[in-house]
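A closer look at the structure
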Amino acid sequence: MAGGADDRAVPPPRPLDGVDQDILVILQADGRASIRSVAERVHVSRANAYARINRLVEDGVIRGFGARVDHERAGHGTSAYITLKIVQNTWRTVREQLRKLPGAAHIALVGGDFDVLLLVHTPDNRTLREVVLTRLQAIPEVLSTRTLLVFEEEDVEPQA
């Protein structure tokens, strides 16, 4: 593997009960759901739902709230997964450079035949080519890349 664990101290996770799990499913399906609506759907008081959501945020279980975007309709019709082999023990350095890439949507350190899996969304193939051949391959710690063009994609919706 190409790197180690993150240096930030992370408290051990607290166990989540059924109500917490139900809250997560609801918020994954609709991050704009009101506290009242969440409370009614999981059969707890609004104060209890509010406290549970705050705890899930404070514990880092919920990392944030956002919109699910149709990248093609947003002008980024080309998507690709790019695998990278990197110099051993350079994960943190490479990760910081990948975060700055235009269109970078997901970065993962993985085990297997390659070290990093990167998802990018770009306006077109020309821009994707620029990202791969100019930006990625200019990173000294990147030994090789392989690009997997996405023909069609679909987010898996949580089962409420």
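Residues numbered from 1 in each chain as written. Predicted model: local features only at pLDDT ≥ 70, side-chain atom pairs only at ≥ 80, totals over all residues. Heavy atoms only, no water.

Tallying secondary structure elements over the protein gives five helices and four strands in all. When the helices and strands of the protein are read in sequence order from the N terminus, they spell out α-α-α-β-α-β-β-α-β. Scaling as 2.2 N^0.38, a compact globule of 160 residues should have a C-alpha radius of gyration of about 15 Å, whereas the protein reaches 19 Å, well beyond that. Along the first, second and third principal axes, the C-alpha atoms of the protein reach 55 × 40 × 25 Å. The burial tally for the protein puts 29% of its 160 residues in the buried class. (Helix = DSSP H or I, 4+ residues; strand = E, 2+ residues; numbered from the N terminus. Rg over C-alpha atoms; globule rule 2.2 N^0.38 Å. Buried < 20%, exposed > 50% of the residue type's maximum accessible area, 1.4 Å probe, protein only.)

This next bit is on the confidence of the model for the protein. Per-residue confidence for the protein gives a mean pLDDT of 90; residues scoring 70 or more make up 92%. Considering only residues more than four positions removed or in separate chains, one finds that residues 1–5, a stretch of pLDDT under 50, has 19 contacts. (pLDDT = per-residue confidence, 0-100. Contact = heavy atoms within 4.5 Å.)

Moving on to helix α3 (residues 46–58). An ideal rise of 1.5 Å per residue puts 18 Å on 13 residues; α3 measures up with 18 Å between its terminal C-alpha atoms. Turning to α3, its buried residues number three or more, namely A49, R52, I53, R55 and L56. Along the axis of α3, the buried residues cluster in a sector spanning 160°; they form a single face. In α3, the exposed positions that point more than 90 degrees away from the buried face belong to R46, A47 and E58. Where the residues of α3 are buried, they touch α1 (18–29) and α2 (35–42). (Expected span 1.5 Å × (residues − 1). Arc of directions from axis to C-beta.)

For α1, built from 12 residues, the straight-helix expectation of 16 Å at 1.5 Å per residue is met to within 8% by its first-to-last C-alpha distance of 17 Å. Taken residue by residue, α1 has D20, I23, L24, I26 and L27 as its buried positions. In a view along the axis of α1, the buried residues occupy a sector of 165°, so they form one face of it. In this fold, the buried residues of α1 make contact with α2 and α3. The N-cap of α1, judged by a side-chain oxygen 3.1 Å from the amide nitrogen of V19 a few residues on, is D17. (Polar contact = N/O pair within 3.5 Å; in protein donor to acceptor, adjacent residues only side chain to side chain.)

Adjacent strands of a sheet pair through backbone hydrogen bonds, lying either parallel or antiparallel. One open sheet holds the four strands; their spatial order is β2-β3-β1-β4, and the pairing between them is antiparallel. Both edges of this open sheet fall to β2 (104–109) and β4 (142–150), since each of them pairs with a single strand only. The mean inter-strand angle of the sheet, taken between neighbouring strand axes irrespective of direction, is 20°. Across five bridges, β2 lies against strand β3 (residues 116–122) in antiparallel orientation. Following the sheet pairing, A108 is matched in β3 by L117. (Pairing = 2+ DSSP bridges. Axes fitted to C-alpha atoms, helices over the stretch in contact; angles between N-to-C directions.)

This part takes up unusual backbone geometry. Not every positive phi belongs to a glycine, and H43 is a case in point at roughly 65°. Note on placement: H43 falls in the loop between α2 and α3.

Attention now moves to the environment of L56. Tracing the backbone shows L56 in helix α3. Residues L56 and L24, 32 residues apart in the sequence, show an inter-C-alpha distance of 8.8 Å. Those residues in contact with L56, other than ones at most four positions away along the chain, are L16, D20, I23, L24, V61 and I62.

Next up on the list: the side chain of T90. Position of T90 relative to the elements: it lies in the loop between β1 (78–86) and α4 (91–99). A distance of 2.5 Å separates the side chain of T90 from the backbone oxygen of V87, its partner in a polar contact.

The biggest cluster of nonpolar side chains holds 17 residues, and the ones touching the most others in it are I82, L84, I86, L98, L118 and L136. The element best represented in this core is β1, accounting for four residues. Sequence-distant contacts of I82, that is, excluding residues within four places in its chain, are made with V116, L117, L118, V120, L128, V132, L136, T145, R146 and T147. The next biggest cluster of nonpolar side chains, apart from the first, holds 13 residues, and it includes L24, A33, V42 and A49. (Core = buried A, V, L, I, M, F, W, Y, C linked by side-chain atoms within 4.5 Å.)

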